[in-house]
Amino acid sequence: MTEPPTALTRLEEQVRRDLEVTAYPRPEWLTPRTHAGEPVLDVLIIGGGQAGLTLAFALKRRAITNTLVLDAAPEGGEGPWTTYAAMHTLRTPKTNTGPDQGLPSLTAEAWYRAAHGDEAWDAMTFIPKEHWQDYLRWFRTVTGPRMRNGVAVTAITGAADVLRVETTEGTRFARRVVLATGLAGNGEWTVPAMIRDALPADRYVHTGAPVDFSRFAGQRVGVLGGGASAFDYAGSALEHGATSVDLFYRRAEVPRVNPFRWMEFYAFGAHFPELPDPDKWRFTVQFQRTNQPPPQQTWYRCTRHDTFAHHTSADWKSVRLDDTGDGAGEIVVATGAGEFRFDAVISGTGPSVDLAVRPELADLAPHVATWADRFTAPAGWEDAGLSTYPYLDRDFAFTQRTPGEAPWIERVHDFTYGARLSMGLNGNMNSGLGAGGRRLADALSRSLFLEDRAGFFASYQAYDVPELVDLGRPGEQSDG
């Protein structure tokens, strides 16, 4: 007996129908290529989280299907949501769109209502992170990207008119490569040297790696940094039995205004890349100065515990270990708010932007122009950290530090957090998935079309499929 359709199966049928009726023009227009006898991908996407899935679908909508998504994580473990993210929910509004690329049946809302019911959607303020990961898994299933998990990229180099990509399962060739590797995709999660040099590795963690929070049970924990992730880790430590948690701001006041909410209008996401460099710089520096506060519910997650305290104007001056000889002594931290003693430390200072530290970008890094190479900040707007960000073209492509030295790097596109100074909201940020995915897919389509224009003209000249097949009158058979 056939099972009656569920709300989710009905939605999936609607997705199939919507894709079918909006699939014009249909022809796949790129001619397959080979290099040294091996097939060449049109686009290889590194990273199968929300950014990589969004782009793969956007390309498919443009009839670019000779693509492959690689992710080092096992299936279902892509991205931060069920690995190292310690928040309970996403921070963006639940009505935010992006991966769907304008198709209503593919939105998170449509999926959530079908999977969990209208009442659950209406009662919810923010989407739980595990449900967002479930949505992304479903999105992958119904959009069908060609994707391989458990495969890491180890090197990218130029090879004639293609890119050579070394992976843990062999060599791939591609005409374009897109980095969709998230927050640390242009660098690595960092721990300040004052912590790293003073403490054994088992006495500190950072907010970019999976953590068993039960390790903090019965411990006094110090958290460096006042961003949303720092609060998430502080709350998780408290919920797992930490004796106390102290969180430290360098700032004199706790940030209360979320600049992302201002940014979430169409033109900012779509047209930021067209801004002159001085405007891009000012917008990004202003964001650095205001920063993103923790959501209200995250603040309460910490402050509901009497053993939580936050400190402003409390930058860390030094860290030392009062070692008892076995590495088990107290951690002593001198701050702008006085001296504190801890059993463990959490670094919430975020990722660096330094291409050279990523093995897969080592060959590319020396040739990539940074903002320091192209722009001098006006007085009062200096920011040394931003100067290391890659200076991207308007299509997310890396640009050459020395023109003509390594033109192959311009075939590599940066759809990571490192793109934010050049591109504004982008693939790493939920708020930028829609605009970023459209812009990058259009740019890749345009560049591939222009590169193949001679072949298209030859094909156009040779096209001889008649549309007028009968030169007679209606009802008569013509010899024409």
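Residues numbered from 1 in each chain as written. Predicted model: local features only at pLDDT ≥ 70, side-chain atom pairs only at ≥ 80, totals over all residues. Heavy atoms only, no water.

Trainee: Would you mind going over a nonpolar patch on the surface with me for this structure?
Mentor: Side chains of Trp262, Phe265 and Phe283 sit close together on the surface and give an oily, nonpolar patch of about 320 Å² of accessible area. Tracing the chain through its elements places Phe265 in the loop between helix H8 (259-263) and helix H9 (266-271). According to the relative accessible area criterion, Phe265 is partly exposed, its value standing at 38%. (Patch = residues over 30% accessible without salt bridge, like charges linked within 9 Å, V, L, I, M, F, W, Y side chains within 5 Å. Areas by Shrake-Rupley, 256 points an atom, 1.4 Å probe, with all protein chains shown as cover. Salt bridge = Lys/Arg side-chain N within 4 Å of Asp/Glu carboxyl O. Helix = DSSP H or I, 4+ residues; strand = E, 2+ residues; numbered from the N terminus. Buried < 20%, exposed > 50% of the residue type's maximum accessible area, 1.4 Å probe, protein only.)

Trainee: What am I meant to see in the layout of surface pockets here?
Mentor: Over the atoms a probe the size of a water molecule is rolled, and this reveals where empty space is left. Space inside the second largest pocket adds up to approximately 340 Å³. Taken together, 15 residues make up the lining of the second largest pocket; nearest its centre are Leu19, Ala23, Lys60, Arg61 and Ala63. At the level of secondary structure, the elements contributing two or more residues to the lining of the second largest pocket comprise helix H1 (7-21) and helix H2 (50-61). Tallying contributions element by element places H2 first for the lining of the second largest pocket, with three residues. Of the residues contributing to the lining of the second largest pocket, the split by class is six nonpolar, three polar and six charged. (1 Å grid on protein atoms, 1.4 Å probe; cavity = no way out; pocket = protein on both sides within 12 Å on 5 of 7 lines; lining within 4 Å. Points joined across faces, edges and corners; volume = space filled by probe spheres on them. Nonpolar A, V, L, I, M, F, W, Y, C, P; charged D, E, K, R; others polar.)

Trainee: Help me understand the environment of Thr207 in this model?
Mentor: Within the fold, Thr207 resides in the loop between strand E8 (204-206) and strand E9 (220-224). A sequence separation of 153 residues divides Thr207 from Thr54, and the C-alpha atoms of the two residues are 25 Å apart. The contacts of Thr207, once residues within four sequence positions are left out, are Tyr84, Trp189, Ser229, Ala230, Tyr233, Ile346, Ser347 and Gly348. (Contact = heavy atoms within 4.5 Å.)

Trainee: Quick question: what am I supposed to make of the nonpolar core here?
Mentor: Across soluble globular proteins, you tend to see nonpolar side chains buried next to one another. Ranked by size, the top nonpolar core spans 71 residues in total, and within it Ile45, Leu55, Ile156, Val177 and Phe398 carry the most contacts. With seven residues, the top contributor of residues to this core is H2. In this structure, Leu55 is in contact with Ile45, Val178, Phe415, Gly437, Leu440, Ala441 and Leu444, ignoring residues within four places of it in sequence. (Core = buried A, V, L, I, M, F, W, Y, C linked by side-chain atoms within 4.5 Å.)

Trainee: Looking at this model, I keep getting lost on the pairing of strand E13 (residues 330-335). Mind explaining?
Mentor: Taken residue by residue, a regular strand's side chains alternate between the two faces of the sheet. As defined by bridge partners, strand E12 (residues 316-322) adjoins E13 across six bridges and the pair is classed as antiparallel. Bridging from a neighbouring strand, Ser318 pairs with Ala334 of E13. Both E13 and strand E14 (residues 338-342) contribute to a ladder of five bridges, which runs antiparallel. Opposite Ala334, over in E14, you have Glu339 as the bridge partner. (Pairing = 2+ DSSP bridges.)

Trainee: In this structure, what is going on with the packing of aromatic side chains? I would like to understand it.
Mentor: When we look at a pair of aromatic rings, we describe it by the centre distance and by the angle of the planes. Counted according to the given criterion, the structure contains 33 aromatic pairs. A ring pair is formed by Phe57 and Phe139, whose centres lie 5.6 Å apart and whose planes are at 80°; its orientation type is edge-to-face. Separated by 82 residues along the polypeptide, Phe57 in helix H2 and Phe139 in helix H5 (residues 129-143) bring together distant segments of the chain. Residue Phe57 is classed as buried on the basis of its relative accessible area, which comes to 4%. Residue class for Phe139 comes out buried when judged on its relative accessible area of 0%. Ring centres of Phe449 and Phe456 lie 5.1 Å apart, and the angle between their planes is 25°; on these two criteria the pair is classed as stacked. Relative accessible area serves as the criterion here: at 42%, Phe449 is assigned to the partly exposed category. Take Phe456: its relative accessible area is 24%, and that puts it in the partly exposed class. Aromatic ring contacts, followed pair by pair, group Phe57, Trp111, Tyr112, Trp121, Trp132, Tyr135, Trp138 and Phe139 into a single cluster. (Phe/Tyr/Trp six-rings, centres within 6.5 Å; stacked < 30°, edge-to-face > 60°.)

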